[in-house]
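# Structural overview
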Amino acid sequence: MSKRILVTGGAGYIGSNTTLELLDAGYDVVVVDNLSRGNRSAVDPARLRIVDLADTEGLIRVMKEKPVDAVIHFAAFIAVGESMKVPEIYFQNNTAGSLSLLTAMLKSGVSRIVFSSTAAVYGMPENVPIPETEPRAPVNAYGESKVMVEKMLEWFDQIHGMRSVCLRYFNA
């Protein structure tokens, strides 16, 4: 039996392409997306569960319906300029939504996550190329919302043993 991966934001560009790669590699994939910014046609309807990250109980239902081995978390708002006009939606969706997901994972016994962070966590780095040890010093609400999730992941690992990897890429 293949491993089952839950991909959040799987109807977005990166999530849908990652889903295809996972399927090609032999994984079983369940996609969660609220379709607020994703594209329904980018996902096999049989794999898609329309659930918002804020719906902790809905996420738990998805993880219990088809138990998953790990999560790849892409669901996020990503526009830097927008984040500086309406930061509240970035903290609500990206940060609070991620907390809801982590809570659902704990309650469902899922202890591994790959988090789609961003190079925006570095702000204006002193070193180029940027080493992973560069201090996190974001200069916009988008980057700050991702730093907050990275910090939550550090605490969830320390306290709950939830293993995580953070991808801090620039542009896909």
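In what follows, the structure referred to is the one given above.
These remarks concern the structure in this document. (Residues numbered from 1 in each chain as written. Predicted model: local features only at pLDDT ≥ 70, side-chain atom pairs only at ≥ 80, totals over all residues. Heavy atoms only, no water.)

## Brief notes about the nonpolar core
Burial of nonpolar side chains together is a common tendency in soluble globular proteins. One finds L6, L59, M63, L101, L102, M105 and I113 to be the most contacted residues of the largest nonpolar core, which totals 24 residues. At the level of secondary structure, the elements contributing two or more residues to this core comprise β2 (28-33), α2 (56-65), α4 (87-108), β5 (112-116) and α5 (141-160). Those residues in contact with L101 that lie beyond four places of it in its chain are T8, L53, L59, M63, V71, H73 and I113. Ranked by size, the runner-up nonpolar core spans 12 residues in total, among them I5, L35, L48 and A70. (Core = buried A, V, L, I, M, F, W, Y, C linked by side-chain atoms within 4.5 Å. Buried < 20%, exposed > 50% of the residue type's maximum accessible area, 1.4 Å probe, protein only. Helix = DSSP H or I, 4+ residues; strand = E, 2+ residues; numbered from the N terminus. Contact = heavy atoms within 4.5 Å.)

## Thoughts on the layout of surface pockets
Of the voids in this model, the largest pocket is the one considered here, and its volume is about 650 Å³. Counting residues per element, the ones that place at least two in the lining of the largest pocket are α1 (13-24), β2 and α5. Looking at the lining of the largest pocket, the element that brings in the most residues is α1, giving three residues. Of the residues belonging to the lining of the largest pocket, the class tally is 15 nonpolar, 12 polar and four charged. Considering only enclosed or pocket space, the second largest pocket measures out at about 170 Å³ in volume. Lining the second largest pocket, in full, are Y122, I130, E132, R136, E150, E154, C166, R168 and F170. Classifying every residue of the lining of the second largest pocket gives four nonpolar, no polar and five charged. (1 Å grid on protein atoms, 1.4 Å probe; cavity = no way out; pocket = protein on both sides within 12 Å on 5 of 7 lines; lining within 4 Å. Points joined across faces, edges and corners; volume = space filled by probe spheres on them. Nonpolar A, V, L, I, M, F, W, Y, C, P; charged D, E, K, R; others polar.)

## With respect to α5
With 20 residues, α5 should reach 28 Å at 1.5 Å per residue; the first-to-last C-alpha distance of 28 Å fits that figure. Tucked into the core, α5 has its buried residues touching α3 (80-83), α4, β5 and β6 (163-167). N-capping of α5 is provided by N140, with a side-chain oxygen placed 3.3 Å from the backbone N of Y142. At the C-terminal side of α5, G161 shows a positive phi close to 70°. (Expected span 1.5 Å × (residues − 1). Polar contact = N/O pair within 3.5 Å; in protein donor to acceptor, adjacent residues only side chain to side chain.)

## Quick word on the pattern of salt bridges
In the structure shown here, the tally under the stated rule is eight salt bridges. A salt bridge links D28 to R4; the shortest N-O distance between them is 2.8 Å. Taken together, the residues span a long stretch of sequence, with D28 in strand β2 and R4 in strand β1 (residues 4-8) at a distance of 24 residues. By relative accessible area, which is 19% here, D28 ends up buried. Given the relative accessible area of 14%, R4 is considered buried. A salt bridge links E82 to R37; the shortest N-O distance between them is 3.0 Å. Placement of E82 in helix α3 and of R37 in the loop between β2 and β3 (48-50) is noted, with a sequence separation of 45 residues between them. Taking the relative accessible area as the measure of exposure, E82 reaches 26% and is therefore partly exposed. (Salt bridge = Lys/Arg side-chain N within 4 Å of Asp/Glu carboxyl O.)

## Focus on the packing of aromatic side chains
By the definition in use, this model includes two aromatic pairs. Look at F77 and Y90: their rings are 5.7 Å apart centre to centre, the planes differ by 70°, and that puts the pair in the edge-to-face class. Of this pair, F77 sits in the loop between β4 (70-73) and α3 while Y90 sits in helix α4; the two residues are 13 residues apart in sequence, bridging distant segments of the chain. Taken individually, F77 and Y90 each receive the classification buried, so the pair is uniform in this respect. Measuring from ring centre to ring centre gives 6.4 Å for Y90 and Y142, while their planes differ by 85°; the resulting arrangement is edge-to-face. (Phe/Tyr/Trp six-rings, centres within 6.5 Å; stacked < 30°, edge-to-face > 60°.)

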